[in-house]
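Secondary and tertiary structure notes
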Amino acid sequence: MQITKPTKAEVTRELKDYIFITLGLISYALGWAAFLIPYQITTGGTTGIGAIIYYATGFPIQWSYFIINAVLMTFAIKILGPKFSIKTTFAIFGLTFFLWFFQLLVNGPDGIPPKLLGEGQDFMACLIGAAMCGAGLGIVFNCNGSTGGTDIIAAIIHKYKDVTLGRMVMACDFIIISSCYVVFHDWRRVIFGFVTLFVIGFVLDYIVNSARQSVQFFIFSKEYEKIADRITKETHRGVTVLDGIGWYSKHNVKVLVVLAYKRQSVEIFRMVKDIDPNAFISQSSVIGVYGEGFDRLKVK
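Residues numbered from 1 in each chain as written. Predicted model: local features only at pLDDT ≥ 70, side-chain atom pairs only at ≥ 80, totals over all residues. Heavy atoms only, no water.

Here we look at the environment of Val 215
The residue Val 215 is located in strand β1 (residues 214-220) in this model. Judged by its relative accessible area of 0%, Val 215 falls in the buried class. It is 6.0 Å that separates the C-alpha atoms of Val 215 and Tyr 261, two residues lying 46 residues apart in sequence. Setting aside residues no more than four positions away along its own chain, Val 215 makes contact with Val 258, Leu 259, Ala 260, Tyr 261, Lys 262, Ser 265, Gln 283, Ser 284, Ser 285 and Val 286. (Helix = DSSP H or I, 4+ residues; strand = E, 2+ residues; numbered from the N terminus. Buried < 20%, exposed > 50% of the residue type's maximum accessible area, 1.4 Å probe, protein only. Contact = heavy atoms within 4.5 Å.)

Take a look at the structure:
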C-alpha cells in the first residue's frame with residue numbers, strides 16, 4: 001500500500017490547527033485557575049470531576065483530569081480507532097500542563113488560590129470563568145479537537161446505542177454538577193454549576209456557529225478562468241462553472257458558483273477585484289453546507 005506524503009498546504013493547516021488548539025486550551029485553563037477554582041465553582045466534564053475531588057480532598061485538579069482521561073483514552077483507542085485520539089491526546093496533555101501552570105501562576109505563596117474579584121463575587125466569577133472556558137472549547141472544536149472527558153464516553157456509547165451525543169453529554173454533566181452537593185451541602189453551588197454549564201454551552205455554540213457560517217457566491221466575469229484558479233489555490237474551495245445567457249445582451253456568459261465560509265468572503269472579494277474590477281458578484285448567506293470541506297451530512 002502506497003503512503004501519500006502530505007502536501008505543504010496540509011502540513012500548514014495541521015500546524016495552524018495545533019496552534020489554535022493550544023490558544024483554546026490556554027483560555028480554558030486560565031478560566032478555571034483564575035475564576036472558577038478560587039470561588040469553588042464546578043461544571044460538567046472530567047474537569048468538573050477533578051474540581052469536585054480537589055474541593056473535597058485537595059488533590060490537584062489537573063492530575064484527576066489526566067488520570068480519568070488516560071483511562072478513557074485507553075478504551076477510546078480500541079473502540080473508536082487511533083484517528084479519533086490524535087488531537088484529543090494532544091489536548092489532554094496540553095490542558096493538564098496549563099491547568100498546573102496557571103494555578104502555579106495565580107496561587108499565593110501559601111498555595112491558596114486568591115479571589116481576584118473579591119469576596120461575594122461568585123456569580124461574576126462564574127460568568128467570566130465560564131465565558132473563557134466556552135471560548136476555549138469553541139476554538140478547540142473549530143480545529144477538530146476535543147478535550148476528552150464526557151465527549152469520549154458519549155462517543156463510545158453512541159457507537160453501540162441509539163442515543164444522541166448531546167443527550168449523553170448532558171446526562172453526564174447533570175450527574176457531575178449535582179454531585180457537588182455532596183461536598184458543599186449547598187444548593188447554591190449546584191445552581192452556579194448549571195449556570196456555568198449554560199454559559200459555556202452558549203459561548204461555545206456562538207463561536208462554533210460563527211466560524212462555520214457559510215456564504216454562496218455567483219461571480220460573472222470574462223476572466224472567470226483566472227478567478228476560478230486563484231480561488232481554488234488560495235482558499236482551497238471548489239468552484240463550479242455554469243453556462244448562462246445574458247438575456248439583455250443575448251451573449252453567452254460563464255458563471256462561477258463558490259461555497260465558502262463567511263470569514264473567507266473578504267479574501268474572495270479581493271481576489272476578484274484584483275483580477276477583474278468590473279466583475280459582477282452576488283453573495284448570499286446559506287443555512288447549511290454539507291459535504292467535503294464543510295459539515296458532515298448526518299441523516300438518521
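Moving on from the coordinates now.
Some remarks on the pattern of salt bridges
Across all of its chains, the model carries 8 salt bridges by this definition. Between Lys 226 and Glu 223 there is a salt bridge, with its nearest N and O atoms 3.7 Å apart. For Lys 226, a relative accessible area of 52% translates into the label exposed. A salt bridge links Arg 230 to Glu 234; its shortest N-O distance comes to 3.0 Å. (Salt bridge = Lys/Arg side-chain N within 4 Å of Asp/Glu carboxyl O.)

Section: the packing of aromatic side chains
This structure, assessed with the given rule, holds 14 aromatic pairs. Taken together, a centroid distance of 6.1 Å and an interplanar angle of 25° make the contact between Phe 98 and Phe 102 stacked. On the criterion of helical spacing, the pair formed by Phe 98 and Phe 102 is a turn pair, its members being 4 residues apart in helix α4 (residues 82-106). Here Phe 98 and Phe 102 have matching classes, each one buried. When the centroid spacing of 5.6 Å and the interplanar angle of 70° are considered together, the rings of Phe 220 and Phe 280 count as edge-to-face. (Phe/Tyr/Trp six-rings, centres within 6.5 Å; stacked < 30°, edge-to-face > 60°.)

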